[in-house]
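Working through the structure, step by step
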Amino acid sequence: MESLTINTRKRTELIDITAQVARLVEKSGIRSGVCILYVPHTTAGITINESYDPDVTEDITALLNRLVPPDRSYRHTEGNADAHIKSVLVGCSLVIPVEDHRLTLGRWQGIFFCEFDGPRTRECRVKIISDQK
Amino acid sequence: MESLTINTRKRTELIDITAQVARLVEKSGIRSGVCILYVPHTTAGITINESYDPDVTEDITALLNRLVPPDRSYRHTEGNADAHIKSVLVGCSLVIPVEDHRLTLGRWQGIFFCEFDGPRTRECRVKIISDQK
Amino acid sequence: MESLTINTRKRTELIDITAQVARLVEKSGIRSGVCILYVPHTTAGITINESYDPDVTEDITALLNRLVPPDRSYRHTEGNADAHIKSVLVGCSLVIPVEDHRLTLGRWQGIFFCEFDGPRTRECRVKIISDQK
């Protein structure tokens, strides 16, 4: 298993890690299989969406803040209850098929690490498994 | 890896693809393993829920429209920002165990392709991996 | 594939099943691979979040009830439409890497079965796959 280190800069932001993950897939030498992304944090997540127009990720974080306000209306007293809930809604684990040594991402898709309680130093674990005997 | 083509008819709808996926699992000849479903789009998703009462999927799309209104209150100017956000909330990747040549779906579960910016011609990639040596 | 039986006690609650899943990973004898968790229900889900402060799971269920009210404003007439929608938002399938015979959970992470229409007797399927040839 490999691991990416991600230094986030804002409280809430989506960071494109597609290139780093693609590099690990290439390095693995695995032709066909799956790439599992796993975020070992409870106030962060991982998702796939459009990487072309940065307004899209701005819209995603703005809407999440509207649905789950970053305020003190929660029982958890550390001031980051909203970040825990966003992590549940977005998820912390993803599986992407690998074919011909490549992630089978769609044309507009990028992989985003989702910071909901930054800035922090974060980790994304990357496990690539072959399905060839 | 196999691929399903899905022709959607409405802007927002959930389309039951259980039978098509089950057929690919059967065709693969794989007795035990996992089935990975992957949607290579940024304004669509994939989920599992009740396939018996069609009101359930109507409720799901209505509630998503309430949480993420399909209007122009977003930065992304293509008019489908809500569809990108719904894709993040629902997810574009799923893993289902395979046993005895079958998806281990629960009694009421069906697999749904989620269109959030149709009508379009869409794709769902299906990768079935054996865990037998 | 293994299976856990979970007896839920409330209509909506998150139940920590980390210890039971960890035990199955150990029992499998698999050193490196992935653990797939699959919930075969349409009004329940599976997620990972903080297991230390019980206020976190209370905040999660309270916010989900705010976003998806448990009332009769839906088309599905069984009184549990909200539970179906929560299941879609949270998800019913998870993948966690396994290394050195252990789930690679983060320090604060626990695995939670999510009951949205209890109390009921529920099931969580656990499939552990080795990536060693």
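Residues numbered from 1 in each chain as written. Chains lettered and ligands numbered in written order. Predicted model: local features only at pLDDT ≥ 70, side-chain atom pairs only at ≥ 80, totals over all residues. Heavy atoms only, no water.

1. Thoughts on the relation of the copies chain B and chain C
Two copies of the chain are present, and they differ by a rotation about an axis and a shift along that axis. Expressed as a screw transformation, the operator carrying chain B onto chain C has a rotation angle of 120° and an axial translation of 0.0 Å, and the superposed copies differ by an RMSD of 0.0 Å. Those values place the two copies in the arrangement expected of a three-fold rotation axis. Scanning chain B for the C-alpha nearest the rotation axis identifies L89 of chain B, at a separation of 3.5 Å. (Least-squares fit on C-alpha atoms with pLDDT ≥ 70 in both.)

2. Examining the interface of chain C and chain A
Across the contact, 33 residues belong to chain C and 27 residues belong to chain A. Buried surface at the junction of chain C and chain A, both sides included, amounts to about 2500 Å², of which 60% is carbon and sulfur. The three residues of chain C that bury the most area against chain A are D59, V95 and Q109 of chain C, which together make up 19% of that side's buried surface. Connecting chain C to chain A are three salt bridges. Linking K127 of chain A and D131 of chain C is a salt bridge whose minimum nitrogen-to-oxygen distance equals 3.5 Å. Applying the counting criterion to the chain C and chain A interface returns 15 residue pairs in polar contact (both at pLDDT 80 or more). Broken down by secondary-structure element, the contributors of at least two residues to the side of chain C that touches chain A are β3 (33-38), β4 (44-50), α2 (54-67), α3 (81-90) and β5 (93-99) of chain C. (Contact = heavy atoms within 4.5 Å. Buried area = accessible area lost by both parts, 1.4 Å probe. Salt bridge = Lys/Arg side-chain N within 4 Å of Asp/Glu carboxyl O. Polar contact = N/O pair within 3.5 Å; in protein donor to acceptor, adjacent residues only side chain to side chain. Helix = DSSP H or I, 4+ residues; strand = E, 2+ residues; numbered from the N terminus.)

3. Describing the packing of helix α2 (residues 54-67) of chain A against helix α3 (residues 81-90) of chain B
As a packed pair, α2 of chain A and α3 of chain B sit with axes 9 Å apart at the nearest point and diverge in direction by 65°. On the basis of their axis angle, the class for α2 of chain A and α3 of chain B is roughly perpendicular. Viewed along their axes, α2 of chain A and α3 of chain B form a crossing whose handedness is right-handed. Contact residues: α2 of chain A offers V56, D59, I60, L63, L64 and L67 of chain A, while α3 of chain B offers A81, H84, I85, V88 and L89 of chain B. Split by residue class, the contact of α2 of chain A with α3 of chain B holds nine nonpolar, one polar and one charged. (Axes fitted to C-alpha atoms, helices over the stretch in contact; angles between N-to-C directions. Parallel < 35°, antiparallel > 145°, perpendicular 65-115°, else oblique. Left-handed = near helix turned anticlockwise from the far one by under 90°. Nonpolar A, V, L, I, M, F, W, Y, C, P; charged D, E, K, R; others polar.)

4. A short note on the relation of the copies chain C and chain A
When chain C is fitted onto chain A, the two copies agree to an RMSD of 0.0 Å after a turn of 120° and an axial shift of 0.0 Å. Comparing interface residues between copies, only 9% of those in chain C also sit at the interface in chain A, which points to a heterologous contact through distinct surfaces.

5. Some words on the interface of chain B and chain C
Counting residues at the interface gives 33 residues for chain B and 27 residues for chain C. In total, chain B and chain C occlude about 2500 Å² of area from one another, counting both sides; carbon and sulfur atoms represent 60% of this. There are three salt bridges connecting chain B and chain C. A salt bridge links D55 of chain B to R75 of chain C; the shortest N-O distance between them is 3.2 Å. Every element with two or more residues in the side of chain B that touches chain C is listed here: β3 (33-38), β4 (44-50), α2 (54-67), α3 and β5 (93-99) of chain B. The element contributing the most residues to the side of chain B that touches chain C is α2 of chain B, with nine residues. Across the side of chain B that touches chain C, the residue classes tally to 16 nonpolar, seven polar and ten charged.

6. What to know about the sheet that holds β3 of chain C
Residue and element names in this part refer to chain C. Read from one edge of the open sheet, five strands run β1-β8-β3-β5-β6, paired in antiparallel fashion. Edge strands, defined here as strands with exactly one partner in the open sheet, are β1 (2-7) and β6 (102-103). Pairing of β3 with β5 involves six bridges; the strand directions are antiparallel. In the sheet register, L37 faces β5, and the bridge partner there is L94. (Pairing = 2+ DSSP bridges.)

7. Looking at the confidence of the model for chain A
Per-residue pLDDT for chain A averages 97, and the proportion of residues at 70 or more is 99%. Reported for the predicted complex are a pTM of 0.98 and an ipTM of 0.97. (pLDDT = per-residue confidence, 0-100.)

8. Focus on empty space enclosed by the protein
For the structure shown, the criterion picks out one cavity of 30 Å³ or more. If you add up the space inside the largest cavity, you get close to 480 Å³. V90 and S93 of chain A, S93 of chain B together with V90 and S93 of chain C are the residues nearest the centre of the largest cavity, which is lined by 36 residues in total. (1 Å grid on protein atoms, 1.4 Å probe; cavity = no way out; pocket = protein on both sides within 12 Å on 5 of 7 lines; lining within 4 Å. Points joined across faces, edges and corners; volume = space filled by probe spheres on them.)

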